[in-house]
Amino acid sequence: MARVKRLFLSPPHIAGTERARVGEVFDSNYIAPCGAMVDRFEAALAQHAGRGALATASGTAALHLALRVLGVRPGDEVACSTLTFIASIAPALDMGAHPVFVESAPETWCMDPGALETALQKHPRIKAVVAVDLYGQCCDYAALETVCARHGAALIIDAAEALGATYKNRPAGAAGAAGFYSFNGNKIVTTSGGGALLMADATKLAHARKLSQQAREPEPWYEHAETGHNYRLSNVLAGIGVGQLELLKNFVEKRREIFSWYVEELKGLVAFMPESPHGKSSRWLTVARLPACHKAERGKPSENVLRVIAALDAANIESRPVWKPMHLQPVFAGCPCFGEPVSEAIFAEGVCLPSGSAMTREDVAEVCEILMK
Ligand SMILES: *Cc1c(COP(=O)(O)O)cnc(C)c1O
């Protein structure tokens, strides 16, 4: 029998002071894209990441600002993890840059540093590298930093899915020249929509802040020496963010627990996304890899994956295939991709299971029962 209330993949989980913080904003009447709550949210993010933080309207906006202040120009190349959501590369295309994709390492599913090395040797015009912390797991920050430094490319960490994860003792997003988070509704912490840019270089972050507010020069009148964007996070939404961030530690522990429940229920039947030895994943989403009965057609999930997703959907449970690699997307036909086709197999066999931090053990058992059938 189908559930009455749909079990979503990763719905918002409001469980703390969010409503009270939004109330504070209403009381102050700063219903604007700036204000004390945004300052407070940025301070909390900077404290978490150990880097300066700029709150933005989305993760995509934060990435666009990073590419701009790191000097990406039309005609440059930008390398990017192929196994990701399209937002990791779309802003670079808007800027007139060309993508070069890089495959995953089998032990992390994140960007393979060896494949990036080859890409940088063959494409000296790569100005920036967007490396994705996939499904809550940090990529190999130290290795990627070394490779990028050797070739003079700026490293940007797309930590949209990995807030709360760690690489050794560094928080997700605190590596390279810039990092960013997303607070979209399905992420581990949400502001309904929002993001943050993290940078250690205070001058570059100040430039990003200026660009996020239409690039106004510091004059009493409206003076512009360059053009910018309207990319600031609303003060109202920052209230949700301040409340949510207080819960982050609990959310990470709960998502990791949900992952361990899936492993217990499905032990031996399916493989799971491995956890890299140099970090602690937030397990934003639990990703299982189903054995394929037939070889999947290239660019499509296996029959098994599609059948499981349909069976769960019929029971009113949301699940999804793994991100379809960018180098297999029609819009990027002909773009180069370096490395072994690790992401293609993960895409063919992988399914993202419901992982929201409000889930119960019974919810997980129900998902697994349907999946096993
Ligand atoms: C969600 C996501 C983004 C984009 O974040 P928005 O806040 O939705 O703009 C970028 N990259 C990855 C890997 C994501 O999962």
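Since the model is a prediction, treat every value here as computed from it, not as a measurement.

What the domain assignment lists for the protein chain is domain 1 (18-245) and domain 2 (248-372). The distance between the C-alpha centroids of domain 1 and domain 2 comes to 25 Å. The partner domain 2 presents 41 residues to the 43 residues of domain 1 that form the contact. The contact between domain 1 and domain 2 buries some 3700 Å² in all, and 68% of this surface belongs to carbon and sulfur atoms. If you sort the residues of domain 1 by the area they bury against domain 2, Trp109, Tyr135 and Ile188 come out on top, with a joint share of 25%. Linking domain 1 to domain 2 there are zero salt bridges. At the surface where domain 1 touches domain 2, the tally comes to 19 residue pairs in polar contact (both at pLDDT 80 or more). When contributions to the side of domain 1 that touches domain 2 are tallied by element, the ones reaching two or more residues are strand 3 (98-102), helix 5 (113-122), strand 6 (166-167) and helix 8 (235-245).

We now examine the pairing of strand 2 (residues 77-81). For strand 2, a buried count of five out of five residues is recorded, marking the element as mostly surrounded by other parts of the structure. Residues Glu77, Ala79 and Ser81 line one face of strand 2 and the alternating positions Val78 and Cys80 line the opposite face, and both faces are buried. In terms of strand pairing, strand 2 meets strand 3 through five bridges, oriented parallel. Directly across from Val78, in strand 3, lies its bridge partner Pro99. As paired elements, strand 2 and strand 4 (residues 126-132) share four bridges and run parallel to each other. Opposite Glu77, over in strand 4, you have Ile126 as the bridge partner.

Taken as a whole and assessed by the stated rule, the structure comprises eight aromatic pairs. Ring centres 5.5 Å apart and planes at 80° place the aromatic pair Phe259 and Phe272 in the edge-to-face group. Here Phe272 lies in strand 10 (residues 271-272) and Phe259 lies in helix 9 (residues 248-266), a separation of 13 residues in the sequence. Exposure remark for Phe272: the relative accessible area of 15% places this residue in the buried category. One aromatic cluster is present, built from ring pairs that chain together Phe85, Tyr135, Trp284 and Trp323. Positioned over the ring face of Tyr222 is Arg216, at 3.8 Å from the centre of the ring. The side chain of Arg283 reaches across the aromatic face of Phe259, ending 3.5 Å from its centre.

Next up on the list: the sheet that holds strand 12 (residues 286-289). Taken in spatial order, the four strands of this open sheet run 10-12-15-13, and their pairing is antiparallel. The open sheet has two edge strands with one neighbour each: strand 10 and strand 13 (320-321). Bridging between strand 10 and strand 12 involves two bridges; their strand directions are antiparallel. Bridge assignment links Phe272 to a residue of strand 12, and that residue is Ala288.

Okay, the site of the ligand next. By nearness alone, 15 residues border the ligand, and Thr60, Asp158, Glu161, Ser182 and Lys187 come closest of all. Contact between the ligand and Glu161: an oxygen atom at 2.6 Å from a side-chain N or O atom of the residue. Here an oxygen atom of the ligand sits 2.7 Å away from a polar atom, N or O, in the side chain of Ser182. Contact with the protein chains hides 93% of the accessible area of the ligand, taken as 380 Å² for the molecule alone. Taken together, the residues of the shell around the ligand sort by class into four nonpolar, eight polar and three charged.

Moving on to unusual backbone geometry. Positioned with a positive phi, Tyr135 is a non-glycine residue whose angle comes to about 50°. When its relative accessible area of 1% is taken as the criterion, Tyr135 is described as buried. Positive phi is not limited to glycine here, since Ser192 has a value of about 80°. Within the secondary structure, Ser192 sits in the loop between strand 8 (178-182) and strand 9 (195-199). Classification of Ser192 by relative accessible area gives partly exposed; the value is 47%.

Below, the discussion takes up the environment of Arg307. Structurally, the position occupied by Arg307 is in helix 10 (residues 303-314). Owing to a relative accessible area of 57%, Arg307 belongs among the exposed residues under this scheme. Along the backbone, Arg307 and Gly152 are 155 residues apart, and their C-alpha atoms lie at a distance of 46 Å.

To continue, consider the nonpolar core. Core analysis: the largest hydrophobic core is formed by 69 residues, its most contacted members being Phe41, Leu116, Val129, Leu134, Tyr135 and Tyr181. The residues that make up this core include at least three from each of domain 1 (18-245) and domain 2 (248-372). Leave out the neighbours within four places in its chain, and Tyr135 touches Glu161, Met273, Ser281, Arg283, Trp284, Leu285, Val287, Pro321, Val322, Trp323 and Cys352. Leu54, Ala62, Val69 and Ile156 belong to the second largest nonpolar core, which has 31 residues in total.

Taking strand neighbours across the sheet as the criterion, the three strands line up as 7-6-11 in an open arrangement whose pairing is antiparallel. Each edge of the sheet is formed by a strand with only one pairing partner; in this case those strands are strand 7 (170-171) and strand 11 (279-280). Across two bridges, strand 6 lies against strand 11 in antiparallel orientation. Across the sheet, residue Tyr167 finds its bridge partner in strand 11, namely Gly279.

What counts, and where the lines are drawn
- Residues numbered from 1 in each chain as written.
- Predicted model: local features only at pLDDT ≥ 70, side-chain atom pairs only at ≥ 80, totals over all residues.
- Heavy atoms only, no water.
- Domains from an automatic or database assignment.
- Contact = heavy atoms within 4.5 Å.
- Buried area = accessible area lost by both parts, 1.4 Å probe.
- Salt bridge = Lys/Arg side-chain N within 4 Å of Asp/Glu carboxyl O.
- Polar contact = N/O pair within 3.5 Å; in protein donor to acceptor, adjacent residues only side chain to side chain.
- Helix = DSSP H or I, 4+ residues; strand = E, 2+ residues; numbered from the N terminus.
- Buried < 20%, exposed > 50% of the residue type's maximum accessible area, 1.4 Å probe, protein only.
- Pairing = 2+ DSSP bridges.
- Phe/Tyr/Trp six-rings, centres within 6.5 Å; stacked < 30°, edge-to-face > 60°.
- Lys NZ or Arg CZ within 6 Å of the ring centre and 35° of its normal.
- Near = heavy atom within 4 Å.
- Areas by Shrake-Rupley, 256 points an atom, 1.4 Å probe, with all protein chains shown as cover.
- Nonpolar A, V, L, I, M, F, W, Y, C, P; charged D, E, K, R; others polar.
- Core = buried A, V, L, I, M, F, W, Y, C linked by side-chain atoms within 4.5 Å.

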